[in-house]
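So the chains spell out like this:
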Amino acid sequence: MTASQGRRDQLKEFLRAKREALAPADVGMPAAGRRRTPGLRREEVAVLAGVGVSWYTWLEQGRDIKVSDAVLDAVARALKLDEAERAHLYVLAGLNPPDPAGRPGAPVSEQLRAVLTAWMPNPAHVLDRHYNLVAMNDAARWVFGFDDDIRNCLVAFFTHPIYRGRFTEWHEFAPDMVADFRASAARYHDDPVFGQLAEELCAASAEFAQLWARPDVSSRSQGIKAITHPQAGELTFEYSLFRLPDRADLNVVLHTPHPDTDTKEKVESLVVAHPG
């Protein structure tokens, strides 16, 4: 048996099991007549998904047919699949599963906020895919100069004098910031917010406009940040960026003092200077 055939066999079993687990009442349909088998009929799933009965039958039979993201999403909705089941459907159908973006604008969980707090005295914060700052610990506020005016880290990096001024090697860091933003904009090509942000930043910052005109792309998952703090002096952090498995719209950025510097002691002194 080939890997492709094995996947189609699993797809057949998965779809049948999910269909048979649903009663007509679960999807707002009348339970008319006696049913020889449990759950929904194939034609009922096809109607709910807005696809042809023959096509859905072939899909559930594991035939080698052409599928698309839109049609799989329709089938997932008809069968009331959750996020994990929807991703599994994609994999069994031979497509890359979509990012589990979660509910747009959903608040950061208390568990994640607890992680940020536990990371003290080192800086940690959470960004959404548009670089909006959605959560942070106190160390991030003290080290980077986050204030109530900073809502978007990319915008602040180019336009906010305090946040921009904290980056010791700003001109070396800026190209990577824009290249990463370009990669994200391409990944979410149907999201108009990226274009709006780029347009606003091009108007506000000639430096951003110059970098945005380049074709460079990159994906930042780790690196070094050199910070000049008005009280603590020179700080150097290693940072790591993590995308949450169930919230691909959020990135957790954790900072660790560089071991070859005195950053650890300086950061701890900032905590002492800001009790409570």
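Before any of the text, the structure's been laid out above.
Residues numbered from 1 in each chain as written. Predicted model: local features only at pLDDT ≥ 70, side-chain atom pairs only at ≥ 80, totals over all residues. Heavy atoms only, no water.

Details of the side chain of E44
Alright, step 1. On the secondary structure map, E44 appears in helix α2 (residues 42-49).
Alright, step 2. A polar contact is formed between the side chain of E44 and the backbone nitrogen of R41, at a distance of 2.8 Å. (Helix = DSSP H or I, 4+ residues; strand = E, 2+ residues; numbered from the N terminus. Polar contact = N/O pair within 3.5 Å; in protein donor to acceptor, adjacent residues only side chain to side chain.)

Side note on the state of the cysteines
Alright, step 1. Summed over the entire model, instances satisfying the criterion amount to 0 disulfides.
Alright, step 2. The structure places no disulfide on C153, whose sulfur is separated from the nearest cysteine sulfur, that of C202, by 19 Å. (Disulfide = S-S within 2.5 Å.)

Considering the nonpolar core
Alright, step 1. Ranked by internal contacts, the top residues of the largest apolar core, which has 37 residues, are F146, L154, F157, F158, Y163, F181 and F208.
Alright, step 2. Listed by contribution, the elements that provide at least two residues to this core are α7 (138-144), α8 (153-159), α10 (170-187), α11 (192-204), α12 (206-212), β4 (233-244) and α13 (263-273).
Alright, step 3. A total of 7 residues in this core trace back to one element, the largest contributor, which is α10.
Alright, step 4. Dropping the residues within four chain positions of it, L154 is found in contact with Y131, M177, F181, L201 and F208.
Alright, step 5. Of all hydrophobic cores here, the second largest spans 25 residues; its members include L22, V45, A49 and V67. (Core = buried A, V, L, I, M, F, W, Y, C linked by side-chain atoms within 4.5 Å. Buried < 20%, exposed > 50% of the residue type's maximum accessible area, 1.4 Å probe, protein only. Contact = heavy atoms within 4.5 Å.)

What to know about helix α4 (residues 69-78)
Alright, step 1. Turning to α4, its buried residues are L72, D73, A74, V75, A76 and A78.
Alright, step 2. Just beyond α4, the residue with positive phi is K80, at close to 55°.

Overview of the sheet that holds strand β5 (residues 247-257)
The pairing of strands in a sheet comes from backbone hydrogen bonds and takes either a parallel or an antiparallel form.
Alright, step 1. If you walk across this open sheet you meet the 5 strands as β2-β1-β5-β4-β3, and the pairing is antiparallel. Because the sheet does not close on itself, it has two edges, and the strands there are β2 (133-136) and β3 (222-229). Pairs of neighbouring strands in the sheet enclose a mean axial angle of 30°, with direction left out of account.
Alright, step 2. Against the sheet, α13 contacts β3, β4 and β5, and its axis sits at roughly 85° relative to β4. (Pairing = 2+ DSSP bridges. Axes fitted to C-alpha atoms, helices over the stretch in contact; angles between N-to-C directions.)

Focus: the pairing of strand β1 (residues 124-128)
Alright, step 1. Across the 5 residues of β1, 5 count as buried, placing the element largely inside the fold.
Alright, step 2. Here β1 shows no split at all, with A124, V126 and D128 on one side and H125 and L127 on the other all buried.
Alright, step 3. Pairing geometry for β1 and β5, over 5 bridges, is antiparallel. Opposite H125, over in β5, you have V253 as the bridge partner.
Alright, step 4. As paired strands, β1 and β2 are joined by 3 bridges and run antiparallel to one another.

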